[in-house]
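# Reading the structure
What follows is the residue order along each chain.
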Amino acid sequence: MPEYKLYYGKGKGYGELSRMLFALGELEFTDVRMEDGDEKTELINNSPYGANPNFEIDGVMYGKNVAIARYVAKKVDLYGKTDIDQLKTDAIVDYLYQDVMGKLIGIYLEKDEEKKANLTEEGKDFVKNTAVGKLEKQIEGENTFLASGLSWADVAVFNFFHDLYTPFFKEDAFEGSPILKKHSEHVASLPLLKKHLETRAVTEF
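First things first, this report covers the structure right here in the doc. It should be emphasised that the depicted structure is a prediction, and the values quoted were computed from it without experimental measurement.

Reading guide: rules and limits
- Residues numbered from 1 in each chain as written.
- Predicted model: local features only at pLDDT ≥ 70, side-chain atom pairs only at ≥ 80, totals over all residues.
- Heavy atoms only, no water.
- Helix = DSSP H or I, 4+ residues; strand = E, 2+ residues; numbered from the N terminus.
- Contact = heavy atoms within 4.5 Å.
- Areas by Shrake-Rupley, 256 points an atom, 1.4 Å probe, with all protein chains shown as cover.
- Lys, Arg positive; Asp, Glu negative; His and termini not counted.
- Charge placed at Lys NZ, Arg CZ, Asp CG, Glu CD.
- Axes fitted to C-alpha atoms, helices over the stretch in contact; angles between N-to-C directions.
- Parallel < 35°, antiparallel > 145°, perpendicular 65-115°, else oblique.
- Left-handed = near helix turned anticlockwise from the far one by under 90°.
- Nonpolar A, V, L, I, M, F, W, Y, C, P; charged D, E, K, R; others polar.
- Expected span 1.5 Å × (residues − 1).
- Bend = angle between axes of the 7 residues up to and from the residue.
- Buried < 20%, exposed > 50% of the residue type's maximum accessible area, 1.4 Å probe, protein only.
- Core = buried A, V, L, I, M, F, W, Y, C linked by side-chain atoms within 4.5 Å.
- 1 Å grid on protein atoms, 1.4 Å probe; cavity = no way out; pocket = protein on both sides within 12 Å on 5 of 7 lines; lining within 4 Å.
- Points joined across faces, edges and corners; volume = space filled by probe spheres on them.
- Polar contact = N/O pair within 3.5 Å; in protein donor to acceptor, adjacent residues only side chain to side chain.
- Pairing = 2+ DSSP bridges.

## What about the overall build of the protein chain?
- The helix and strand inventory of the protein chain stands at 8 helices and 4 strands.
- Beginning at the N terminus, the succession of helices and strands in the protein chain can be written as β-α-β-α-β-β-α-α-α-α-α-α.
- A principal-axis box enclosing the C-alpha atoms of the protein chain has dimensions of 45 × 45 × 30 Å.
- If you take every contact in the protein chain between residues at least 6 apart in sequence, the share linking residues at least 24 apart comes to 68%.
- In the form shown here, the protein chain has an accessible surface area of approximately 11,000 Å², with 49% of it arising from carbon and sulfur atoms.
- Once the 26 positive and 36 negative side-chain charges of the protein chain are each reduced to a mean point, those two points are 1 Å apart.

Dropping the structure here:
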């Protein structure tokens, strides 16, 4: 079996989706949580794309968080069983990372407090009144996006709301959205993921 190492910081961030997938598939890997400092800076500077997370397979380094998570999803049989299922999961994850998180990252980076406040309200409105509805319409199974069962798209959406949206905005995005709330509760109840959530390092993000 290949030797896997996932490099990221101490927090959850862009590394947590892959960690969750490893946990759900009971696939062994080394979780390298790096402190800020020279070693982390050197790794990032020498990485394929100049950013974390990075993923090492038998000594060869690969980058980009979604590509890493997709690879792990395939290895643990959570990518989708058919080409169409895989197309659907790719679209959901792309929407989440490109459209939703792409819109919200500016809030985190903004230094001007007035602009940050305005962006925050716009971001929350977009998630609750646009993104949640679009995601709900993609649910085809019993609390899963695919009719065939659990996929990495379910885990990605759960990870976003549970570990990023709610801690950052200090509110529940599922108010008035019982379908996605039930979906999130279902994913959180999966025994292997529940164990991961209970035993992982405690960080804000």
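From this point, things continue past the structure.
## Structural notes on the packing of helix 4 (residues 83-109) against helix 6 (residues 152-169)
- Across the interface, helix 4 lies against helix 6 with an axial gap of 9 Å and an inter-helix angle of 15°. With respect to each other, helix 4 and helix 6 are oriented roughly parallel. Considering only the axes of helix 4 and helix 6, their crossing is left-handed. Mapping the contact onto sequence places Thr89, Asp90, Ile92, Val93, Leu96, Tyr97, Val100, Met101, Leu104, Ile107 and Tyr108 in helix 4 and Trp152, Ala153, Ala156, Val157, Asn159, Phe160, Leu164, Phe168 and Phe169 in helix 6.
- Here the residues of the contact of helix 4 with helix 6 sort into 17 nonpolar, 2 polar and 1 charged.

## Here we look at helix 6
- With 18 residues, helix 6 extends 24 Å from end C-alpha to end C-alpha; this agrees with the ideal 26 Å at 1.5 Å per step.
- The largest bend in helix 6 comes to about 30°, at Phe161.
- Helix 6 sits mainly inside the fold: 15 of its 18 residues count as buried.
- At the exit of helix 6 stands Lys170, carrying a positive phi of roughly 60°.

## Focus: the nonpolar core
- By size, the foremost hydrophobic cluster in this structure holds 51 residues, and its most contacted members are Leu21, Val127, Trp152, Phe160 and Phe161.
- The set of elements that each furnish at least two residues to this core consists of strand 1 (4-8), helix 1 (16-25), strand 3 (54-57), helix 3 (65-75), helix 4, helix 5 (113-136), helix 6 and helix 7 (178-189).
- Counting residues per element, this core draws most heavily on helix 6, at 11 residues.
- If we ignore the near neighbours within four places in the chain, the residues touching Phe160 are Leu96, Val100, Met101, Leu104 and Tyr165.

## Topic: the environment of Lys134
- In this structure, Lys134 sits in helix 5.
- A relative accessible area of 46% means that Lys134 is categorised as partly exposed.
- C-alpha separation for the pair Lys134 and Lys40, spaced 94 residues apart in sequence, amounts to 38 Å.

## Considering the layout of surface pockets
- The volume enclosed by the largest pocket comes to roughly 610 Å³.
- Every residue lining the largest pocket is counted, 20 residues in all, and those nearest its centre are Gly13, Ile105, Tyr108, Leu164 and Phe205.
- Looking at the lining of the largest pocket, the elements that each hand over two or more residues are helix 2 (38-45), helix 4 and helix 6.
- For the lining of the largest pocket, the element with the highest residue contribution is helix 6, accounting for 5 residues.
- Its residues assigned to classes, the lining of the largest pocket shows 13 nonpolar, 4 polar and 3 charged.

## Comments concerning the side chain of Ser47
- By the element assignment, Ser47 lies in the loop between helix 2 and strand 3.
- We classify Ser47 as buried; its relative accessible area is 11%.
- A distance of 3.4 Å separates a polar side-chain atom of Ser47 from the backbone nitrogen of Ala51.

## Here we look at the sheet that holds strand 4 (residues 60-63)
- The mixed open sheet is built from 4 strands, whose spatial order is 2-1-3-4. The sheet terminates laterally at strand 2 (30-33) and strand 4, the two strands that pair on one side only. Ignoring which end each strand starts from, the neighbouring axes of this sheet average 25° apart.
- Pairing geometry for strand 1 and strand 3, over 4 bridges, is antiparallel. Opposite Leu6, over in strand 3, you have Phe55 as the bridge partner.

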